[in-house]
Amino acid sequence: MSTKDANFMLFSNINDCSEENVWKLCEQVKKTYPSELPKCYAVFVSNERRTVPLWRQKAGRGDEKLVIWDYHVFFMHNPSPNRCLVFDLDTTLPFPTYFHKYVTETFRSDYALTPEHHRVIPAEKYLAEFSSDRRHMRRPDGSWIKPPPSYPPIQTSASTHSLDDFICMKPGKGPGAVYDLLHFVQQFYKPPDRNIGTKTQN
């Protein structure tokens with residue numbers, strides 16, 4: 001799957017709902033590049049208080065574009081141990097961005113505020129289990145905060161709204177695996193082996 005093709009797929013379904021954008025991209029990968037689907041993931045970022053500071057975001061303020069989200073969702077393609085790309089429509093960084101650069105610029109540290117967590121869900125599982133009736137996109141009176149996507153809500157045979165299970169960051173609850181920032185980086189970033197090609201002198 002080339003970067004160019006992935007860009008086209010995501011932008012063809014763009015809306016203001018990051019979790020649905022990621023679901024649509026997973027769907028397009030399954031249709032167009034099925035062999036790549038096992039290497040793709042949906043990643044939810046949130047915490048107990050649902051106050052996650054993210055830098056380099058289009059909606060952010062100041063020179064560093066800092067914004068506080070209740071949760072955020074992005075897509076990852078991890079074709080090999082030494083190569084992982086992040087696709088985030090809300091970032092001001094290049095699209096896509098290599099994993100290490102994205103994490104360094106976007107999350108900074110999870111020690112300043114309530115620690116953030118990262119729920120990583122394999123794309124196939126995300127397609128099978130994610131659903132949303134878009135209740136979080138409505139005001140208390142039932143009117144839309146912003147116009148919803150033109151396609152019908154994403155539903156499964158088992159649920160009409162499972163979004164909260166994905167945002168929840170309690171280990172052992174919900175789909176996929178939950179990591180703190182350190183272990184998230186360790187899982188998907190493999191530093192270059194600087195010893196390759198060097199000789200040891202006796």
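Residues numbered from 1 in each chain as written. Predicted model: local features only at pLDDT ≥ 70, side-chain atom pairs only at ≥ 80, totals over all residues. Heavy atoms only, no water.

Q: Could you give an account of the overall build of the protein chain, naming the residues involved and the relevant values?
A: Within the protein chain, the regular secondary structure consists of six helices and eight strands. For the protein chain, the proportion of its 202 residues judged to be buried stands at 44%. Taking as baseline every contact in the protein chain between residues at least 6 positions apart, the subset at least 24 positions apart corresponds to 66%. (Helix = DSSP H or I, 4+ residues; strand = E, 2+ residues; numbered from the N terminus. Buried < 20%, exposed > 50% of the residue type's maximum accessible area, 1.4 Å probe, protein only. Contact = heavy atoms within 4.5 Å.)

Q: Can you break down the sheet that holds strand β6 (residues 97–98) residue by residue, with the values?
A: Strand-to-strand pairing in sheets goes through backbone hydrogen bonds, with the strands running parallel or antiparallel. Strands sit in the order β6-β5-β4-β1-β7-β8 across an open sheet of six strands; the sheet is antiparallel. In this open sheet, the two edge strands, each paired with only one partner strand, are β6 and β8 (177–180). Bridging between strand β7 (residues 117–122) and β8 involves four bridges; their strand directions are antiparallel. When the bridges of β8 are listed, His-117 appears paired with Asp-180. Sitting on the sheet, helix α2 (residues 18–32) touches β1 (40–46) and β4 (72–80), and the angle it makes with β4 is about 30 degrees. (Pairing = 2+ DSSP bridges. Axes fitted to C-alpha atoms, helices over the stretch in contact; angles between N-to-C directions.)

Q: Just give me the short version of the pairing of β7, but keep the residues and values in it.
A: Side-chain positions along a regular strand alternate between the two faces of the sheet. The pairing of β1 with β7 spans six bridges and is classified as antiparallel. Note on β7: the bridge partner recorded for Tyr-41 is Pro-122.

Q: Report on the packing of aromatic side chains, specifying residues and quantitative values.
A: All chains considered together, the criterion is met by 15 aromatic pairs. Judged by centre distance (6.3 Å) and plane angle (40 degrees), the rings of Phe-74 and Phe-107 are tilted. With Phe-74 in strand β4 and Phe-107 in the loop between α3 (99–106) and β7, this pair connects stretches of sequence that are 33 residues apart. Using a relative accessible area of 0% as the deciding quantity, one classes Phe-74 as buried. Judged by relative accessible area, which is 0%, Phe-107 ranks as buried. In textbook terms, an aromatic cluster arises when at least three aromatic residues are bridged by ring pairs, as seen for Phe-44, Tyr-71, Tyr-126, Phe-130 and Phe-166. Looking at Lys-24, its charged tip hangs above the ring of Tyr-151, at a distance of 4.2 Å from the centre. For the cation-ring pair, Arg-138 lies above Trp-144, with the distance from its terminal atom to the ring centre recorded as 3.7 Å. (Phe/Tyr/Trp six-rings, centres within 6.5 Å; stacked < 30°, edge-to-face > 60°. Lys NZ or Arg CZ within 6 Å of the ring centre and 35° of its normal.)

Q: Kindly report on the nonpolar core, identifying the contributing residues and their values.
A: The nonpolar side chains of a soluble globular protein tend to be buried, and buried together. Val-22, Cys-26, Val-29, Phe-44, Phe-75, Tyr-126 and Phe-130 are the most contacted members of the largest nonpolar core, which has 25 residues in total. At the level of secondary structure, the elements contributing two or more residues to this core comprise α2, β1, β4, β5 (83–87), α4 (123–129) and α5 (163–167). Among the elements that take part in this core, α2 stands out by supplying five residues, more than any other. The residues contacting Val-22, other than those within four sequence positions of it, are Ala-42, Val-73, Phe-74, Phe-75 and Tyr-126. The next biggest cluster of nonpolar side chains, apart from the first, holds 20 residues, and it includes Tyr-41, Val-67, Phe-74 and Phe-107. (Core = buried A, V, L, I, M, F, W, Y, C linked by side-chain atoms within 4.5 Å.)

Q: Residue-level account of α2, with values.
A: Since one α-helical turn is 3.6 residues long, residues separated by three or four positions face the same way. Relative to the 21 Å expected for 15 residues at 1.5 Å per residue, α2 spans 21 Å between its end C-alpha atoms, a close match to the ideal helical length. Counting buried positions along α2 yields 11 of 15 residues, so the element is predominantly enclosed. Buried residues of α2: Ser-18, Glu-19, Glu-20, Asn-21, Val-22, Trp-23, Lys-24, Leu-25, Cys-26, Glu-27 and Val-29, and no others. (Expected span 1.5 Å × (residues − 1).)

Q: Summarise the pattern of salt bridges; cite the residues concerned and give the values.
A: Applying the stated criterion to the full structure yields seven salt bridges. The residue Lys-30 makes a salt bridge to Glu-124 at a minimum N-O spacing of 2.9 Å. Taken as a pair, Lys-30 in helix α2 and Glu-124 in helix α4 lie far apart in primary sequence, 94 residues in all. The salt bridge partner of Arg-135 is Asp-133, with a shortest N-O separation of 2.7 Å. Residue classification places Asp-133 among the partly exposed positions, given a relative accessible area of 26%. (Salt bridge = Lys/Arg side-chain N within 4 Å of Asp/Glu carboxyl O.)

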